[in-house]
Structures are given as structure tokens and as C-alpha cells.
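Coordinates in review
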Amino acid sequence: MANETTNERTTASERRTVSREAWLIERKELLAREKAHARAGDELAAARRALPRVRVDKDYRFESATGRRTLAELFDGRSQLIVQHIMFGADWEAGCPICSFWADGWSRQLVHLAARDVTMVGVSRAPIDRLTAYRRRMDWDFAWYSCAGSDFGEDFGVAPTAADLDRGEWTYNYAQVPVRGEEHHGTSVFERDGEGTVYHTYSTYGRGLDRMNGAYGYLDLTPKGRDEADLPFSMAWVRRHDEY
């Protein structure tokens, strides 16, 4: 999903070998930096929660395997909704392999999110029958909806409009960039009040999705890290989990 390289590889021959005592000194120095980073992350999270919200007045409709749903109905009775915008074009035979890399980690989190008043779903522009077939192939159990025929993808920053395509430029991740395709990834968060009014509270794109990928978190602990510096683009190594 994120396409900027963040990993400069240190080879085994370049890595120093030191005594346990010397290693412990440097590890404690790094721990101090890690704690500062964690505190800065806590401050960012608080600022994120403090963002104002925007009322959603448009009547978006979504297709599910069991019928049509409104945006309010996607909350499934809870007050908070996370929408994962999964890249899956209307004429694609399969979902984006990189989005699928993220999606592989979602299913077992759903019960824990629900316990904290959060529903998480996938939304894509492909027809619902293709989404259902691909979800079966990937063995996922999160709810996945089609927004085909609506402006949901365009309005929440993951799909350029027809005018954007003609112009060759659009707003992605809050900046004007060249159009590089009709499908892009992102995460959007919504809130529903007691009267059923829905509000948009947050969206993130690009590198903003990194923290939602547990595999990258583990790779960042290893000596090689993500090991993506020499690839044509950072996630060129990623395959769907049944294609390795």
C-alpha cells in the first residue's frame, strides 16, 4: 500500500559484532529513543481523536451478499466504523495483492474491535459477486461491500473522478498528484450518534496505513528489516498468500 521505501539495508558484513556488555549499552540508548517515539505516537493519537468531524449527508448505498445497505447500516449497531478501501477495480478478476497483504491480518481482530464499539468492513468498487468469490478464495470473514454505482470511492479520496482522469491530476493523500490509476488504497473512519446521523472523522492513505500492518511491524524488528531498498518499488515482493 505505502509505496515509499523506508528501509536502508545493513548487510551482515556491515553489522558490527560486539560484547554483550557493549550491546546492552547501545540497546538502552535505543530504548530511550523508542520510548520517546512511543510518547510522540500517543500525542499524535490524541490529536487524531480530537479532530473535528464532518456530517455525511449523501445517501451512499452499498451492495452486500444479502442485499443493499446504507452507510449507517454498515455500523452493524455500533457507533464507530472503520472502512478499509480495498483496491478492486470493476473489471478486475482479483483484488490488489498489496491490499490483500493488509487484509490477511484483519479477520481475527474483528471480535476485539467489536468489544470496543468498532465495526470494520471492506469496501471496493468491484461488483459484489467478484468480491464474494475473492473473499472465499482468500478465506476472509470480514464484511465486504461493493460501492459500485456510487461516489463513495471518489468522495473519500481513493478513486479519481472522470474529470481527474481527463486532467491527469487529482487530490490523493491531501496533495495534488498525477493520476496513476483508477484504484487507490486508504482507510476511513466514521462515527454515528444516537439519532443515527453519520459523521466522517478521519481518513489516511499511503504510508499512513503502515501501522495497520502487523507483518511490517515484525519485519521492522529484524536485522534485514523490510529489505525493499533494491526492489523496483517497495512492495514488489508481495504476493497474495496463495501465490508464494
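Quick summary incoming for the structure in this document. Residue positions are given per chain, counting from 1 as you read along its sequence in written order. For a predicted model such as this one, the threshold for reporting local features is a pLDDT of at least 70, and the threshold for listing and counting side-chain atom pairs is 80 or more; totals across whole chains, interfaces and linings nevertheless cover every residue. To obtain the side-chain values, all non-hydrogen atoms of the structure were included, while hydrogens and water were left out.

1. Notes on the nonpolar core
Heads up, the rule is: In plain words, nonpolar cores are sets of buried Ala, Val, Leu, Ile, Met, Phe, Trp, Tyr and Cys residues tied together by side-chain atoms within 4.5 Å. Each residue's exposure class comes from its accessible area (1.4 Å probe, protein chains only) as a fraction of the maximum for that residue type: buried when under 20%, exposed when over 50%, partly exposed otherwise. Starting at the N terminus, helices and strands are each numbered in turn, a helix being any DSSP run of H or I of at least four residues and a strand any DSSP run of E of at least two. Residue contacts are counted whenever heavy atoms from the two residues lie within 4.5 Å of one another.
W102, W106, Y134, W140, F142 and W144 are the most contacted members of the largest nonpolar core, which totals 27 residues. With five residues, the top contributor of residues to this core is helix α2 (residues 97-103). For Y134, the residues in contact, after removing those within four places along its chain, are F88, A94, G95, C96, S100, W140, W144 and R240. Core analysis: the second largest hydrophobic core is formed by 16 residues, V56, F75, C147 and F152 among them.

2. Comments concerning a nonpolar patch on the surface
Heads up, the rule is: Residues enter a patch when their relative accessible area is above 30% and they make no salt bridge; the linking distance is 9 Å between like charges and 5 Å between nonpolar side chains (Val, Leu, Ile, Met, Phe, Trp, Tyr). Working definition of accessibility: Shrake-Rupley area with a 1.4 Å probe, residue cover restricted to the visible protein chains. Between Lys or Arg on one side and Asp or Glu on the other, a salt bridge is scored when a side-chain nitrogen of the former is within 4 Å of a carboxyl oxygen of the latter.
There is a patch of nonpolar side chains on the surface, built from V18, W23 and L24 and spanning about 260 Å² of accessible area. Topologically, V18 is positioned in the segment before α1 (20-49). Residue V18 is classed as partly exposed on the basis of its relative accessible area of 39%.

3. Let's talk about the layout of surface pockets
One simple way to see leftover space: roll a probe sized like a water molecule over the atoms. For the record, the criterion: Cavities and pockets were defined on a 1 Å grid built over protein atoms only: a cavity is a set of grid points that admits a 1.4 Å probe from which the probe cannot escape, a pocket is an open set flanked by protein on both sides within 12 Å along at least five of seven lines, and lining residues are those with an atom within 4 Å of any such point. Grid points are joined across faces, edges and corners, and a volume is the space filled by probe spheres set on the points. Polar here means any residue other than Ala, Val, Leu, Ile, Met, Phe, Trp, Tyr, Cys and Pro, which are nonpolar, and Asp, Glu, Lys and Arg, which are charged; Gly is therefore polar.
Each pocket or cavity is described by its volume, and for the second largest pocket that value is around 760 Å³. Elements supplying a minimum of two residues to the lining of the second largest pocket: α1, β4 (80-85), β5 (118-124), β9 (186-192) and β10 (198-204). Element by element, the count of residues in the lining of the second largest pocket is highest for β9, at four residues. Of the residues belonging to the lining of the second largest pocket, the class tally is twelve nonpolar, six polar and five charged.

4. Section: empty space enclosed by the protein
The full count for this structure, using the stated rule, is two cavities of 30 Å³ or more. One number sums up the size of the largest cavity: a volume of about 80 Å³. As for the largest cavity, its lining consists of 13 residues, of which V123, S124, R125, V158 and E183 are closest to the centre. Within the residue set of the lining of the largest cavity, elements represented by two or more residues are β5 and α5 (152-155). Here the lining of the largest cavity is built from residues that sort into seven nonpolar, four polar and two charged.

5. Quick notes on the packing of aromatic side chains
The following threshold applies: For this analysis, a ring pair means two rings from Phe, Tyr or Trp (six-membered ring only for Trp) whose centres lie within 6.5 Å, classed as stacked if their planes differ by under 30 degrees, edge-to-face if by over 60, and tilted for the remaining angles. The rule for a charge over a ring is simple: NZ of Lys or CZ of Arg within 6 Å of the ring centre, and within 35 degrees of the ring normal.
Tallying each qualifying case throughout the model produces 21 aromatic pairs. The interplanar angle of 75° and the centroid separation of 5.4 Å between the aromatic rings of F101 and W237 together place this pair among those described as edge-to-face. Taken as a pair, F101 in helix α2 and W237 in the segment after α7 (214-219) lie far apart in primary sequence, 136 residues in all. These aromatic residues form a ring-pair network of at least three members: F88, W106, Y134, W140, F142 and W144. Over the ring of W23 we find R20, and its NZ or CZ is 5.0 Å from the ring centre.

6. Here we look at unusual backbone geometry
Of note in this structure, D117 is not a glycine but carries a positive phi near 70°. Residue placement: D117 occurs in the loop between α3 (110-115) and β5. By relative accessible area, which is 30% here, D117 ends up partly exposed.

7. A few points about the side chain of R240
Inclusion rule: A 3.5 Å cut-off defines polar contacts: any pair of N or O atoms within that distance qualifies, except that in protein one atom must be a possible hydrogen donor and the other a possible acceptor, and neighbouring residues in sequence count only when both atoms are side-chain atoms.
Tracing the chain through its elements places R240 in the segment after α7. Residue class for R240 comes out buried when judged on its relative accessible area of 14%. A polar side-chain atom of R240 sits 2.7 Å from the main-chain carbonyl oxygen of G95. Setting aside its immediate chain neighbours within four residues, R240 contacts A94, G95, P97, Y134, R137 and M138.

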